[in-house]
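# Fold and geometry: a report
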Amino acid sequence: MRISVESWGPDYGGELELGPQEATVEAIDVSCEDRAWEPVAPAPLDGLAEAPIAFVDGTRRMDARLFLMDGGSAPIPGVAGSVGVGAVTCEPIAPSNGTWYTPRRAQITECRITRYLAMGEGKSLDLPAGPGLEFEAMPHPARDLEQLADAIHDRMRTNEADLAAEIATDGHLVFLDGPLAKMRPGPARVIAYIKSHNRRYLGPDEEAILGTLGCGERTPLFAFGEPRPRYSWYLRLCALDETQHSWHGLVRCEVPAAVSQKTAVELADASATLLPRFASLPHWDPRAPQNLVPVAGLEKKMRHLLGDRVLVNRMIKDAARRMA
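Residues numbered from 1 in each chain as written. Predicted model: local features only at pLDDT ≥ 70, side-chain atom pairs only at ≥ 80, totals over all residues. Heavy atoms only, no water.

## Comments concerning the pairing of strand β13 (residues 250-256)
With respect to burial, β13 is a largely interior element, seven of its seven residues being buried. Because side chains alternate across β13, one face comprises the buried residues Leu-250, Arg-252, Glu-254 and Pro-256, and the other comprises Val-251, Cys-253 and Val-255, equally buried. Sheet topology places strand β10 (residues 190-194) next to β13; three bridges connect them, and they run antiparallel. Residue pairing across strands places Tyr-193 opposite Cys-253, the latter belonging to β13. When strand β12 (residues 230-236) meets β13, the two strands line up antiparallel, connected through seven bridges. Bridge pairing in β13 places Trp-233 opposite Cys-253. (Buried < 20%, exposed > 50% of the residue type's maximum accessible area, 1.4 Å probe, protein only. Helix = DSSP H or I, 4+ residues; strand = E, 2+ residues; numbered from the N terminus. Pairing = 2+ DSSP bridges.)

## Considering the side chain of Thr-219
Along the chain, Thr-219 turns up in the loop between α2 (204-207) and β11 (222-224). In contact with Thr-219, not counting residues within four places along its chain, are Trp-37, Val-40, Ile-209, Leu-210, Leu-213, Trp-233 and Tyr-234. (Contact = heavy atoms within 4.5 Å.)

## Let's talk about helix α3 (residues 261-274)
The end-to-end C-alpha distance of α3 is 20 Å, a good match for the 20 Å that 14 residues give at a rise of 1.5 Å each. Buried residues dominate α3, accounting for ten of its 14 residues. Residues Ala-264, Val-265, Leu-267, Ala-268, Asp-269, Ala-270, Ser-271, Ala-272, Thr-273 and Leu-274 constitute the buried set of α3. Where α3 is buried, its residues touch β2 (53-68), β9 (173-177), β10, β12 and β13. (Expected span 1.5 Å × (residues − 1).)

## Quick word on a negative patch on the surface
On the surface, a cluster of negative charge is made up of Asp-144, Glu-146, Asp-150 and Asp-154. Mapped onto the elements, Asp-154 comes out in helix α1 (residues 145-168). (Patch = residues over 30% accessible without salt bridge, like charges linked within 9 Å, V, L, I, M, F, W, Y side chains within 5 Å. Areas by Shrake-Rupley, 256 points an atom, 1.4 Å probe, with all protein chains shown as cover. Salt bridge = Lys/Arg side-chain N within 4 Å of Asp/Glu carboxyl O. Lys, Arg positive; Asp, Glu negative; His and termini not counted. Charge placed at Lys NZ, Arg CZ, Asp CG, Glu CD.)

## Points about the layout of surface pockets
In this structure, the second largest pocket encloses a volume near 250 Å³. Lining the second largest pocket are Leu-66, Phe-67, Leu-68, Met-69, Leu-117, Met-119, Leu-125, Leu-127, Ala-320, Met-323 and Ala-324. Counting only elements with at least two residues in the lining of the second largest pocket, the list comes to β2, β6 (107-119) and α5 (309-323). Residue contributions to the lining of the second largest pocket peak at three residues, all from β2. Its residues assigned to classes, the lining of the second largest pocket shows eleven nonpolar, no polar and no charged. (1 Å grid on protein atoms, 1.4 Å probe; cavity = no way out; pocket = protein on both sides within 12 Å on 5 of 7 lines; lining within 4 Å. Points joined across faces, edges and corners; volume = space filled by probe spheres on them. Nonpolar A, V, L, I, M, F, W, Y, C, P; charged D, E, K, R; others polar.)

## Observations concerning the environment of Arg-157
Looking at the element boundaries, Arg-157 is found in helix α1. Taking the C-alpha atoms as reference points, Arg-157 and Gly-58, 99 residues apart in sequence, are found 7.4 Å from one another. Setting aside chain neighbours within four positions, we find Arg-157 in contact with Asp-177, Gly-178, Pro-179 and Lys-182. A distance of 3.0 Å separates polar atoms of two side chains, one belonging to Arg-157 and the other to Glu-160. (Polar contact = N/O pair within 3.5 Å; in protein donor to acceptor, adjacent residues only side chain to side chain.)

## What to know about the state of the cysteines
Such a bond, covalent and formed between the sulfur atoms of two cysteines, is termed a disulfide. Tallied over the full model, the rule gives zero disulfides. Left without a disulfide partner, Cys-238 is nearest to the cysteine sulfur of Cys-215, which lies 6.4 Å away. Taking relative accessible area as the criterion, Cys-238 reaches 15% and is therefore assigned buried. (Disulfide = S-S within 2.5 Å.)

## Some thoughts on the environment of Cys-253
Looking at the element boundaries, Cys-253 is found in strand β13. Each C-alpha atom, one on Cys-253 and one on Tyr-231, is 8.3 Å from the other, the two residues being 22 residues apart in sequence. Dropping the residues within four chain positions of it, Cys-253 is found in contact with Ile-191, Ala-192, Tyr-231, Ser-232, Trp-233, Leu-235, Ser-271 and Leu-275.

## Description of the packing of aromatic side chains
Following the criterion strictly, the structure yields seven aromatic pairs and no others. Measuring from ring centre to ring centre gives 5.6 Å for Phe-55 and Phe-175, while their planes differ by 20 degrees; the resulting arrangement is stacked. Taken as a pair, Phe-55 in strand β2 and Phe-175 in strand β9 lie far apart in primary sequence, 120 residues in all. Taking the centre distance of 6.2 Å and the plane angle of 70 degrees together, the rings of Tyr-234 and Trp-247 count as edge-to-face. A residue pair is termed long-range when its members are at least 10 positions apart, and Tyr-234 in strand β12 and Trp-247 in the loop between β12 and β13 qualify at 13 residues. Per residue, the accessibility class of Tyr-234 equals that of Trp-247, and both read buried. Members of the aromatic cluster, connected to one another through ring pairs, are Trp-37, Tyr-201, Phe-222, Phe-224, Tyr-234 and Trp-247. (Phe/Tyr/Trp six-rings, centres within 6.5 Å; stacked < 30°, edge-to-face > 60°.)

## Considering a nonpolar patch on the surface
A cluster of nonpolar residues, Leu-281, Trp-284 and Val-293, forms a patch on the protein surface that exposes about 270 Å² of accessible area. Along the chain, Val-293 turns up in helix α4 (residues 293-306).

Written out as C-alpha cells, the structure reads:
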C-alpha cells in the first residue's frame, strides 16, 4: 500500500476528483487515430514551430447578492458579478535542429473586464454603481441564487471562447484554459486545456496507460460524438516521483471536430511539446504543474482589475439606495 498526498492546495479543490467509472452520455471512439493505445512521444512541430502562442483564461467574482422588491409576494433574487477575460502571447524560438523549443518572455496583450447583474424571473435591471462599475442587465428565468451565479460563470466561458476564436484568426496557436463548451463550431486552431479531472471517459484498458505517461507524452486521440463532437487526449506535464499518484500532472485537451484528423494529431503533438515548458512549480503555485505560468500571471492581473471586493460591494449598496 502507498499513500500519496495531493500537491494542489486544498483551497483550489483538487486535480483529481473522480467518481465511479460510469458510461458518459457522449459516444466515444478510441480508434480514431488508428494506433495502439500506448504512450505517444510527440512528433516535431514542423509548421507549428513558428506560430505565435496565446493563452486565454478568465476569472469571475460574485460581488453581491441583491433582492428586488416590486410589489410581488416575495423579493426577486439577483447576483452582481464581475468577469475578466484576457490573453498572454508568446513568440516561440525554434532552433535549427527542430528538436527543442524555447519560448520568449510572455506578455499580457488583452484584459477585458465586464460586469453583469443576473436577475431572476427574467427581470432586466442595470446597476450603474460608478465609473467602471456599470453592471449590465442579464435577465434569467430562475429564482435560485446558485443558478444565477452559474449564469455569470457561463457568460465568462462565452467571453473566453469569443476571445480565443478572435485571436486564433490572427494566426496564433491558442490554448484556452477550460473546455470547448462555449466555442462556436468551426476549424479554429484552439486547444482547450482542462486542468482537473472529475469524469472518466475511457474504458479500463485505455485508462490504464494514463499512469504510464512520461513527461511530454500523450495518449492517442479519442473522439467524442454528439452533442459536442471533438477530439481529445491526455498528456503529462511533469515527471513523477515516488510520492505522487499516477494521475498527477495530467491534463486533458480538446480541439473542435471541425479540424481534420491530421490537424488534430498535429495540435496534440504541439500541446505535448509546448505545455510542459510552461508548467508551474509547487514552491510558488498551489495548483502546480497544471496552472501554467502565463495563466497564473494573467489571473493575478485580472483579479487586480476586478477591483477591491469590499469597495465594489459598498458602491453597489450605494447605487441600490440611489435607485430606491
